[in-house]
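Examining the three-dimensional arrangement
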Amino acid sequence: MELQRPRGTQDILPGDSPKWQRVEAVAHRVAQSFGYAEIRTPTFEHVDVFRRGVGDGTDIVEKEMYEFQDHGGRALVLRPESTAAVARALLQASAFSELPLRLYYLQRHFRYERPQSGRLREHTQFGVEAYGAAGPLADAEVIALAQSFLGALGLTNLSVRLNSIGDGQCRPAYRAALLAHLEGHRQDLCADCQRRMERNPLRVLDCKNEGCRRVIAQAPQTLDHLCADCRAHLEGVEAALSALGISFSRDASIVRGLDYYTRTVFEVQYENLGAQSTVCGGGRYDGLVDALGGAPQPGVGFGLGVERLLLTLEEEGLLEDRPAGTDVFVAWLGGELGPEAMRIAQALRASGLRVEEEILGRSLKAQLRRAQKLRAAKVVILGPQEFLRGVAILRDMTSSQQEEVPIEDLPARVGSAAPRD
Ligand SMILES: [Zn+2]
Ligand SMILES: [Zn+2]
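No experiment lies behind these values; they were computed from the predicted model shown. (Residues numbered from 1 in each chain as written. Chains lettered and ligands numbered in written order. Predicted model: local features only at pLDDT ≥ 70, side-chain atom pairs only at ≥ 80, totals over all residues. Heavy atoms only, no water.)

What follows covers the overall build of the chain. A tally of helices and strands in the chain yields 15 helices and 16 strands. With the C-alpha coordinates aligned to their principal axes, the bounding extent of the chain is approximately 90 × 55 × 45 Å. When the 421 residues of the chain are sorted by exposure, 49% land in the buried category. The contacts of the chain with a sequence gap of at least 6 include a subset with a gap of at least 24, amounting to 69%. Of the roughly 20,600 Å² of accessible surface on the chain, a fraction of 50% belongs to carbon and sulfur atoms. The distance from the centre of the 50 positive side-chain charges to the centre of the 56 negative ones in the chain is 2 Å. (Helix = DSSP H or I, 4+ residues; strand = E, 2+ residues; numbered from the N terminus. Buried < 20%, exposed > 50% of the residue type's maximum accessible area, 1.4 Å probe, protein only. Contact = heavy atoms within 4.5 Å. Areas by Shrake-Rupley, 256 points an atom, 1.4 Å probe, with all protein chains shown as cover. Lys, Arg positive; Asp, Glu negative; His and termini not counted. Charge placed at Lys NZ, Arg CZ, Asp CG, Glu CD.)

Spelled out as structure tokens, the structure:
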């Protein structure tokens with residue numbers, strides 16, 4: 001039997017790589033244009049990073065982590081998300097001594113979930129983290145960054161949904177109201193949530209179980225329980241978004257059930273033909289660094305699933321065909337000329353061109369077919385008689401016109417003629 005890739009993973013084959021490279025290039029460019037610097041963390045971490053940084057009792061930690069013990073008996077886990085891992089790295093590097101910190105990552109995450117369209121067990125996330133600013137400007141900045149990134153990819157029908165989930169001042173009263181509601185619907189909750197309710201009713205808000213979702217939809221809303229500070233923060237975010245010309249609406253159904261999430265939570269949704277899909281979610285997590293053992297640091301950020309985004313871009317026809325990967329093809333005839341063709345190809349590469357040379361020794365017809373398939377703009381044809389005169393034929397693949405060019409002049413001639421992006 002042939003070997004298959006594991007369930008919930010995918011191969012990114014050469015034909016798909018240009019789409020990934022385009023999205024990644026836009027992510028790097030837009031994040032850096034906002035002053036965010038890239039951070040990369042290890043693929044595996046000590047399990048405590050996520051037990052403390054995501055939280056015991058969450059679906060991620062209870063059910064979805066790829067945990068293993070290494071040969072030294074250490075409890076390790078494939079990174080299920082990056083926010084806790086990034087905070088761990090910043091603490092370890094004593095990076096919080098100079099604030100604000102603006103970071104982004106493009107990383108793989110691993111979760112044992114039921115695979116579905118755009119949701120894999122190994123998936124890729126583009127995310128940003130802004131640390132050090134407790135005020136609402138940082139929240140607006142990360143939302144603006146998400147919006148700019150999606151806009152740069154051509155997605156325009158975007159809407160920002162905003163909510164506040166309160167903080168340490170106003171959460172106890174909300175928690176009591178939520179608990180009273182959950183108690184009244186205990187029999188409709190899943191077994192996990194009946195257990196979670198006792199320890200932390202907020203965790204129920206994150207449950208994906210359908211019965212639980214129905215109970216949550218009727219639950220009291222955090223917006224009705226905000227203290228004056230939380231209300232002012234939310235209004236500050238809204239004022240900054242208005243100043244930036246970003247339209248938004250409040251949506252009380254967006255929640256995060258983790259203790260260290262505070263105040264702002266948001267989603268960026270894409271709307272098409274009346275249907276909405278969430279492409280990006282984020283929020284403020286002022287209690288995270290504290291939970292990992294550091295001095296408290298205000299932080300806000302978002303995460304965006306790249307596989308899901310690619311599906312949306314594809315549906316919208318925003319991913320062009322595979323761009324040409326080769327500018328010039330170097331063809332040759334006669335058994336001796338292979339090394340000389342390679343030398344010409346090297347000289348052309350040195351002038352910045354993308355070049356493929358013939359290595360199979362095929363017929364000229366087959367070589368030209370290959371050049372056409374590569375969408376090479378130019379073909380250099382090296383024949384025995386031309387070679388003796390120190391020239392090669394330069395063929396323009398669009399006009400089919402050919403001319404003789406001295407071999408040593410090829411880099412200058414082709415370099416100036418080839419289209420660059
Ligand atoms: Zn549940
Ligand atoms: Zn509050």
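Right, let's talk about the packing of helix α1 (residues 17-33) against helix α5 (residues 136-152) for a bit. As a packed pair, α1 and α5 sit with axes 10 Å apart at the nearest point and diverge in direction by 140 degrees. With respect to each other, α1 and α5 are oriented oblique. Crossing geometry of α1 relative to α5 is assigned as right-handed. Mapping the contact onto sequence places R22, V23, V26, A27, R29, V30 and A31 in α1 and L145, S148, F149 and A152 in α5. Its residues assigned to classes, the contact of α1 with α5 comprises eight nonpolar, one polar and two charged. (Axes fitted to C-alpha atoms, helices over the stretch in contact; angles between N-to-C directions. Parallel < 35°, antiparallel > 145°, perpendicular 65-115°, else oblique. Left-handed = near helix turned anticlockwise from the far one by under 90°. Nonpolar A, V, L, I, M, F, W, Y, C, P; charged D, E, K, R; others polar.)

A word on the coordination of the zinc ion (ligand 2). Surrounding the zinc ion (ligand 2) are the protein donor atoms D167 (OD), C170 (SG), C227 (SG) and C230 (SG), at 2.2 to 2.3 Å. Taken together, the four donor atoms coordinating the zinc ion (ligand 2) and their angles of 96 to 119 degrees define a geometry best described as tetrahedral. (Donors = N, O, S within 2.8 Å, 3.2 Å for Na, K, Ca; no water. Tetrahedral: all angles 85-135°; square planar, octahedral: opposite > 155°, others 65-115°.)

With that settled, consider the coordination of the zinc ion (ligand 1). Here the zinc ion (ligand 1) is held by the protein donor atoms C190 (SG), C193 (SG), C207 (SG) and C212 (SG), which lie 2.2 to 2.3 Å from it. Considering all four donor atoms around the zinc ion (ligand 1), the spread of angles at the metal, 105 to 115 degrees, places the coordination shape in the tetrahedral class. Mapped onto the sequence, the residues coordinating the zinc ion (ligand 1) show the spacing C-x2-C-x13-C-x4-C. For the residue pair C190 and C193, the accessibility class agrees, reading buried in each case.

Moving on to the sheet that holds strand β6 (residues 122-131). Neighbouring strands of a sheet are bound in pairs by backbone hydrogen bonds; such pairs are parallel or else antiparallel. Pairing in this open sheet of eight strands is mixed, and the strands run β1-β5-β6-β11-β10-β9-β7-β8 from one edge to the other. This sheet does not close on itself; its edge strands, each paired only once, are β1 (37-38) and β8 (248-250). Of the strand pairs in this sheet, β1 and strand β5 (residues 101-110) are connected by two bridges, and their pairing is parallel. Paired with A37 across the strands is L103, a residue of β5. Seen against the sheet, α1 touches β1, β5 and β6 and runs at an angle of roughly 160 degrees to β5. (Pairing = 2+ DSSP bridges.)

This brings us to the nonpolar core. F126, F149, L150, V268, F302 and L309 are the most contacted members of the largest nonpolar core, which totals 50 residues. Counting residues per element, this core draws most heavily on α5, at nine residues. Within the second largest apolar cluster, 47 residues are counted, among which are I39, Y174, C207 and Y285. (Core = buried A, V, L, I, M, F, W, Y, C linked by side-chain atoms within 4.5 Å.)

Take the sheet that holds strand β14 (residues 378-382) next. Spatial ordering of the open sheet is given by β13-β12-β14-β15-β16, a layout of five strands whose pairing is mixed. The strands lining the two open edges of the sheet, one partner per strand, are β13 (355-357) and β16 (402-406). Direction aside, the axes of adjacent strands within the sheet are offset by 25 degrees on average. The pairing of strand β15 (residues 391-396) with β16 spans five bridges and is classified as antiparallel. When the sheet's bridge partners are listed, R395 is paired in β16 with Q402. Here helix α12 (residues 338-350) sits on the sheet and contacts β12 (328-332), β13 and β14; the angle it forms with β13, its principal contact strand, is near 180 degrees. On the sheet, helix α13 (residues 364-373) packs against β12, β13, β14 and β15 and is oriented at approximately 175 degrees with respect to β12.

A few words on α12. Taking 1.5 Å per residue as the helical rise, α12 with its 13 residues ought to reach 18 Å, and the 19 Å between its terminal C-alpha atoms agrees with that figure. Where α12 is concerned, the buried positions are G338, E340, A341, I344, A345 and L348. Projected down its long axis, α12 shows its buried positions confined to an angular sector of 165 degrees, all on one face. Opposite its buried face, α12 presents the exposed residues P339, Q346 and A350, each directed more than 90 degrees away. (Expected span 1.5 Å × (residues − 1). Arc of directions from axis to C-beta.)

Let's shift gears to α13. When α13 is considered as a whole, its buried residues turn out to be A366, Q367, L368 and A371. Looking at the packing, one finds that the buried side of α13 touches β12, β14 and β15. One or two steps after α13, the chain reaches R375, where phi turns positive at roughly 60 degrees.

Moving on, we come to the domain arrangement of the chain. The domain architecture assigned to the chain consists of domain 1 (17-170 + 226-315) and domain 2 (328-417). Between the C-alpha centres of domain 1 and domain 2 the distance comes to 49 Å. (Domains from an automatic or database assignment.)

Another point: the pairing of strand β10 (residues 275-284). Relative to β10, strand β9 (residues 262-272) is paired through nine bridges, and the arrangement is antiparallel. Residue pairing in the sheet places Y270 in a bridge with S277 of β10. The hairpin turn running from β9 into β10, its antiparallel successor, is two residues long, and L273 in that turn takes a positive phi close to 50 degrees. As judged from the four bridges shared by β10 and strand β11 (residues 299-305), these two strands associate in the antiparallel manner.

This next bit is on the packing of aromatic side chains. Applying the stated criterion across every chain yields a total of nine aromatic pairs. Taken together through their ring pairs, the aromatic side chains of F96, Y131, Y260, Y261 and Y285 make up a single cluster. Looking at R121, its charged tip hangs above the ring of Y112, at a distance of 4.0 Å from the centre. (Phe/Tyr/Trp six-rings, centres within 6.5 Å; stacked < 30°, edge-to-face > 60°. Lys NZ or Arg CZ within 6 Å of the ring centre and 35° of its normal.)

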